[in-house]
Amino acid sequence: MLMPTRVEFAPVEGAAALFTPAFCEYLTRLHDRLDGAARDLRKRRLAMLERALKQHTPPAPPPVSEANSGTWRVPPVPDDLKKPGIEISGPCSITSMFINALNPGPEGERAAGDLDDDEDSGGHRLIDTVRSAHNRLAAVNRELTFVDSQRNRTYAIADGELPFFMHRERGLHLDEPDVTVDGAPVNAALLGTALTLFYAGRAQTGRGQGIYFYLPKLEAAAEARWYRDLFDLSRQHLPFLDSATIRAIVLVESLPCVYEMEEMLYELGPYAAGLNAARWDLKASIFEFVMADPAQVWPDRFGVDIKTTPFLANIFRRLVAISLKRGAVPIGGMATALPNPDPEVNRAAAEAIRADKQWEAEQGFIRGWVAHIFHMKTAGDPFKALIGSGWKPTAQMANPDNYPVVIKVPEGPITVDGTRRNARMLIEYVEGWLAGRGAKGIDSLEGKPGIHPALMEDLATGRMSVAQIAQRILHHARDTKSGVVHDFAVVKTLLRDELADILARRQGAETHERYRQATRIAMRWIKNYTELSFRSLGAYTRAELERIAAEPDAF
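Anyway, here's the lowdown on the structure attached to this text. (Residues numbered from 1 in each chain as written. Predicted model: local features only at pLDDT ≥ 70, side-chain atom pairs only at ≥ 80, totals over all residues. Heavy atoms only, no water.)

### Quick look at the sheet that holds strand E9 (residues 211–215)
To be explicit about the condition: For two strands to be treated as a pair, DSSP must find no fewer than two bridges joining them. Segments assigned H or I by DSSP are reported as helices when at least four residues long, segments assigned E as strands when at least two residues long, and all are numbered from the N terminus. Inter-axis angles, ranging from 0 to 180 degrees, are taken between N-to-C directions of lines fitted to C-alpha atoms, where helices are fitted over the stretch in contact.
An order of E2-E3-E6-E9-E10-E11-E12-E13 is seen for the eight strands of this closed barrel, with the pairing classed as parallel. Going across the sheet, the axis of each strand differs from the next one's by a mean of 30°, ignoring polarity. Pairing analysis gives three bridges linking strand E11 (residues 272–277) to strand E12 (residues 329–335), with the strands arranged parallel. Bridge pairing in E12 links Asn-276 to Ile-331.

Below is the structure:
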């Protein structure tokens with residue numbers, strides 16, 4: 001029998017209650033069978049990226065196979081996952097936010113589903129993963145509460161039917177350095193999925209609920225197969241999963257994934273349920289794969305709308321077509337606007353959200369995401385209304401061949417002001433990261449005239465911002481109107497100016513120092529990207545970030 005002493009973990013609060021001998025045995029078996037495969041998959045990812053950057057050979061459609069030419073369909077999708085409306089998204093490690101997400105919004109309605117996230121909006125520390133595991137279990141059992149002593153407020157789950165849970169763990173490209181087997185770090189996706197299946201999954205099975213996952217950052221069908229093996233091995237080791245319904249939805253958030261959506265559903269086999277249009281990360285991934293090509297410099301990312309950018313719109317129409325063809329569910333993107341004290345700002349945000357979700361519904365998506373319960377009904381109503389009217393997708397919408405993947409440069413201006421917004425977003429986001437938050441409300445136009453609600457930004461937009469800045473530096477992109485050429489000096493000036501403006505609006509020496517550290521880390525992140533090193537912020541330990549923050553400016 002495998003010895004649980006092979007597992008060591010950092011003594012963060014709540015970890016000892018999770019890392020029992022039984023769980024450690026399960027985790028060790030998964031590690032022994034799947035860790036090597038995960039590392040091989042990472043090497044394949046890197047090789048594909050290097051071919052794109054060094055040989056200008058981008059990802060391409062796979063050859064004809066049973067996966068893309070056969071008549072197969074995914075197993076019947078559970079009724080939960082076919083509900084029209086909205087899913088509320090947020091970090092489940094932050095207990096107050098998790099409880100709010102599970103409760104009714106201002107109009108008294110709950111979301112259809114809850115994306116309880118330990119990935120892009122999570123803090124990417126062991127303490128976050130541990131808290132997520134505890135919070136998920138308590139939420140399933142309706143025992144989750146939180147007392148905020150500073151605000152003198154108690155949070156509790158309200159009576160009534162809860163949204164279904166969509167668990168999102170960290171991706172297989174990341175390790176958890178604070179949990180090791182025989183001294184080697186455990187794969188972060190393996191750890192998170194194992195914790196959820198072992199604890200919340202057991203409780204969900206006991207309650208007759210399905211166990212549903214979003215699978216992030218997938219780039220190849222073989223990676224979907226890795227998750228299938230993970231679920232199969234878990235069924236073998238955990239008897240209570242024999243009768244459980246385990247289903248997964250692939251997040252289409254990388255350029256290689258766009259070409260292998262059908263193949264991923266095929267490889268997931270009995271666990272396949274759907275595809276999700278993850279807009280932000282997809283744009284970031286495209287930036288990375290075309291980073292070395294001077295002909296692929298994009299305009300300001302804020303003006304690149306899925307609805308009005310034909311090649312991007314067709315990627316997601318293709319996603320819907322594949323879902324319809326294979327009996328899977330297509331899930332749309334995120335509405336990120338946060339509530340504002342100014343009713344006019346809320347009105348403008350609601351109009352934009354309503355138009356966005358109406359477009360998604362008309363493309364055949366059945367749900368989308370929202371970052372805050374304030375706009376939940378606004379975002380969910382277009383799906384409910386259209387599907388409730390009896391509307392059905394046309395035969396053309398179910399044919400993927402009508403929507404070939406063609407990557408182009410979007411139309412629009414390149415502006416220093418757009419780069420400035422990216423710079424401010426980065427400073428604000430990394431400051432939140434240093435404070436332990438993977439998601440943060442940010443107004444990148446703070447202090448500027450006009451109506452602009454704060455948006456709930458996460459690691460995906462941080463990645464997208466740094467990629468666009470680096471691309472402009474790398475290719476000396478010119479401002480479309482002024483002719484100003486982007487270089488390190490221009491970007492450093494923007495970062496310094498935005499830091500000064502932020503510090504003038506914030507209070508506290510500790511806060512100010514954290515923003516200064518965030519700016520130095522943002523510079524290193526940008527510099528790495530100009531050197532074609534796209535390491536995820538989630539792959540840095542807090543000690544590494546502290547070291548970077550103490551070093552001289554990267555440029």
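Back to the write-up after that little detour.
### A look at the packing of helix H18 (residues 509–530) against helix H19 (residues 542–550)
Quick note on the threshold: By definition in this entry, angles of less than 35 degrees are roughly parallel, angles greater than 145 are roughly antiparallel, angles of 65 to 115 are roughly perpendicular, and the rest are oblique. Contacts are assigned to residue pairs with any non-hydrogen atoms lying within 4.5 Å of each other. Gly is placed with the polar residues, together with every amino acid not listed as nonpolar (Ala, Val, Leu, Ile, Met, Phe, Trp, Tyr, Cys and Pro) or charged (Asp, Glu, Lys and Arg).
Here H18 crosses H19 at 95°, and the two axes come no closer than 8 Å. When the interaxial angle is binned, H18 and H19 end up roughly perpendicular. Contacts from Gln-517, Arg-520, Ile-521 and Arg-524 of H18 reach H19 at Leu-545, Ile-548 and Ala-549. Class assignment of the residues belonging to the contact of H18 with H19 gives a composition of four nonpolar, one polar and two charged.

### Here we look at the side chain of Gln-363
Selection rule: Per-residue accessibility, obtained with a 1.4 Å probe over protein chains only, is compared with the maximum for each type, and a residue is labelled buried under 20%, exposed over 50%, and partly exposed between these values. For the purposes of these results, a polar contact is taken to be a pair of N or O atoms within 3.5 Å, where, inside protein, one atom must be able to donate a hydrogen and its partner to accept one; residues adjacent in sequence count only when each atom of the pair is a side-chain atom.
Tracing the backbone shows Gln-363 in helix H13 (residues 343–363). Owing to a relative accessible area of 13%, Gln-363 belongs among the buried residues under this scheme. Within the structure, the side chain of Gln-363 is placed 2.9 Å from the side chain of Arg-317, a separation counted as a polar contact. For Gln-363, the contacting residues outside a window of four places in its chain are Arg-317, Val-320 and Met-397.

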